[in-house]
Structures are given as structure tokens and as C-alpha cells.
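Working through the structure, step by step
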Amino acid sequence: MSRSPLALAALATVAVPGLDAYDVRRPEVSGGDFDIAVVIDAARRRWVVRSPTSARSGALLEAEVELVEALAGQVDAGHLPFDVPRTAGFAHLPEGGRAVVYPQVPGRPLRLEALRPGPGLAASLGRALGALHELPTALVENAGLPVYDATTYRDRRQAEVDEAARTGKVPTTLLRRWEERLEDVALWRFQPTVVHGGLTTEHVLVDDRTVTGILDWGDAMVADPADDLSWLLVAAPQEAVDSIMEAYQLRRTELTDSHLTERALLAGELALARWLLYGSRTGSADVVDDAVQMLHELDESTREADAVAGRSIG
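Here the structure is a predicted model, which is why all the values come from computation and not from measurement.

**Brief notes about unusual backbone geometry**
The phi dihedral of R44 is positive, around 70 degrees, even though this residue is not glycine. Mapped onto the elements, R44 comes out in the loop between β2 (34–41) and β3 (46–52). Positive phi is not limited to glycine here, since D216 has a value of about 55 degrees. With respect to the secondary-structure elements, D216 resides in the loop between β9 (211–214) and β10 (221–223).

As C-alpha cells, then:
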């Protein structure tokens, strides 16, 4: 069920004894499978309330809470250079499940277009992801979240491509490109790591020079570290990408993954297939049309790039 901001504020006062709610606001970004509100107390402290809207999102929230508690321990031990949501309390819901309340993590959402090369924010972003990918995988396993080895993860990607192909809406040359890369065994020799699994600019909080926090850990898993890098390689300014990747590689220990960047770029392409599948499964014609347009644009740009690369080699 869906809850209003006022109802969420009431849950916050139940979850955190002594919390005196003074104001409540909707967040700037939609919560997806959760109702979310920001509650401001009488001391002007800000609290975030997240309430699941279904049994499925309730189960995901429970696993996420267990994981972020473990991640907070890693922050306190100095292994992570950014903060995570720290649970302050729970409120049981009449239909079952719990809402969670935590102090708002400081920082503002990352703006990719503002990234600049050098030792500032871009480098901090690379170090943050490098530190995340160095965490013990047991943190994710103990929270009951998915764990994949390299072969199984490649099979998962292949299944997505196969399903997208069955829609008949993916250009043939693009499907052939993906198949060739999925069949390249050398490309998929990687050491699985802890990954966030759903990074966007809204999930990464920053100040002027550093990453201050990372939010929304419900999609975390042990899988391909390239997934956490793909959105940056695709959308960040190229000169900043170099600084991100340099700092990332310096933070990783014994990183021997020579195809990391190639898989990250492929993951960015396959995200369009997943967007198409989402539109097909939910019956959203607008999403399908949007995905189809982007797939055709990707097909055109990759065919042009491959043609240029072929001419330069010849």
C-alpha cells in the first residue's frame, strides 16, 4: 500500500522514540518500490523514512538493512571512505513488514557533468568504488543477497540478450555484437566482488571534493565489478573518466582484470536491453518506444565505430 508523507512522519515518531516531527517533505527523487519521506525534527535534524509498498520490497528492505549494518562497520573501521544509511529504528506496518528510519546521510546528489579531471571529486569517486570492490564478499552472502561466479554471471547476461532478441525489437547487428562479446571467454575471466548493482547520480552523495555517502543498497550482490563502473564510463566527461579509473585501479589490490573497461562499456549497452524488457513486462508502450529508439541509436553509433576501427587496422 502507498503512504502519504504525513503517514510516514507518524511512522518515524514510532520508530525513533523522542523524535519530535516538525516538518515532512517528499524526496527529490522517487523511491521506486518504497514510499519515502524526509522528516525534519524540532532540532532541525533530518530523518529519512522508507516504507515498502509490497511484500517483495519488504523482503528486499530486510536484506538491505542487514547489509548496511555490516557496511557501517566497514566505514567505522576505515575500510570505506564514505558513509551509508545507519538504521535508527523500525516501525511495524499493519499489513506486515517494517518501515525503517535513519538519519539523512550528508551530501548532495552527484552531477556527472560537473566532474573534472585531477585529484578532486573524480578521483574520490574512483577510490570509493575501488574500496567497495575490495570488501569481503561474505558481507553480501550473510545478508542473503545474490552471489554469482563469473560463468554464472555471463549466463545471466546471455539470458537477458536472448529474451530481448525474442521481442524482435533489437537490431540484428546489435544482437550479433552482443553475442560475439558474450562468447568471448577471455572477456569474462574476472574475480567477482561486492557491487552496489544500481548506482545512479541520485545514489552517490558528494560535497565539493569527496564522495560523502552511497544510498539504496537493495540491488547489491557479488558479481562483476564492471557493472558499478559502466554508468560512469558511458555518461561522465571523458577527461574525468581517466581520473576515476586511475584512482580506482590504485585503490584495488592485485587487479589483473584486463577486460574490465570493455565489460563496463558492454554493461552500459545491455542496460538498454533491460530497459526494453522492463517496458515489455510492464506493458508500458512509452518505455518500449524509448528503448527501441535508444537501441537503434546505439546500433548506428557502434556500427560506425566498428567501421572506423576496421579501417584504421587495415
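**Thoughts on the environment of A99**
Within the fold, A99 resides in strand β5 (residues 98–103). Along the primary structure A99 and G89 are separated by 10 residues, whereas in three dimensions their C-alpha atoms are 8.6 Å apart. Beyond its immediate stretch of four places on either side in the chain, A99 contacts L11, R50, S51, P52, G89, F90, A91 and L93.

**Side note on the domain arrangement of the protein**
If you check the domain split of the protein, you get domain 1 (5–104) and domain 2 (109–312). Inter-centroid distance (C-alpha atoms) of domain 1 to domain 2 is 27 Å. Taken together, the contact between domain 1 and domain 2 spans 18 residues of the former and 22 residues of the latter. A combined buried area of about 1,600 Å² lies between domain 1 and domain 2, and 71% of that area is made up of carbon and sulfur atoms. The largest per-residue losses of area from domain 1 upon contact with domain 2 belong to E64, L67 and F82, which jointly make up 33% of the total buried on that side. One can count three residue pairs in polar contact (both at pLDDT 80 or more) joining domain 1 with domain 2. No other element matches helix α2 (residues 55–76), which puts nine residues into the side of domain 1 that touches domain 2. A class-by-class count of the residues in the side of domain 1 that touches domain 2 yields 12 nonpolar, two polar and four charged.

**Things to note about a negative patch on the surface**
Together, D286, D289, D290, E297, E300 and E304 make up a negatively charged patch on the protein surface. Tracing the backbone through its elements, the reader meets D289 in helix α10 (residues 285–313).

**Describing empty space enclosed by the protein**
The full count for this structure, using the stated rule, is two cavities of 30 Å³ or more. In this structure, the largest cavity encloses a volume near 80 Å³. Around the largest cavity, the lining residues are R50, L61, E64, V65, V68, P85, R86, T87, V100, Y102 and D216. Classifying every residue of the lining of the largest cavity gives six nonpolar, one polar and four charged. Taken as a whole, the second largest cavity spans an internal volume of roughly 40 Å³. As for the second largest cavity, its lining consists of R157, W188, D224, D227, R263, L266, A267 and L270. It is helix α9 (residues 260–282) that contributes the most residues to the lining of the second largest cavity, four residues altogether.

**Considering the layout of surface pockets**
Of the pockets and cavities examined, the second largest pocket occupies roughly 170 Å³. Around the second largest pocket sit 14 residues that line it, and A114, L115, R116, L121 and D208 are the ones nearest its centre. Listing elements by their share of the lining of the second largest pocket, those giving two or more residues are β6 (108–109) and α3 (121–132). Here the lining of the second largest pocket is built from residues that sort into eight nonpolar, one polar and five charged.

Cut-off values and rules
- Residues numbered from 1 in each chain as written.
- Predicted model: local features only at pLDDT ≥ 70, side-chain atom pairs only at ≥ 80, totals over all residues.
- Heavy atoms only, no water.
- Helix = DSSP H or I, 4+ residues; strand = E, 2+ residues; numbered from the N terminus.
- Contact = heavy atoms within 4.5 Å.
- Domains from an automatic or database assignment.
- Buried area = accessible area lost by both parts, 1.4 Å probe.
- Polar contact = N/O pair within 3.5 Å; in protein donor to acceptor, adjacent residues only side chain to side chain.
- Nonpolar A, V, L, I, M, F, W, Y, C, P; charged D, E, K, R; others polar.
- Patch = residues over 30% accessible without salt bridge, like charges linked within 9 Å, V, L, I, M, F, W, Y side chains within 5 Å.
- Areas by Shrake-Rupley, 256 points an atom, 1.4 Å probe, with all protein chains shown as cover.
- Salt bridge = Lys/Arg side-chain N within 4 Å of Asp/Glu carboxyl O.
- Lys, Arg positive; Asp, Glu negative; His and termini not counted.
- Charge placed at Lys NZ, Arg CZ, Asp CG, Glu CD.
- 1 Å grid on protein atoms, 1.4 Å probe; cavity = no way out; pocket = protein on both sides within 12 Å on 5 of 7 lines; lining within 4 Å.
- Points joined across faces, edges and corners; volume = space filled by probe spheres on them.

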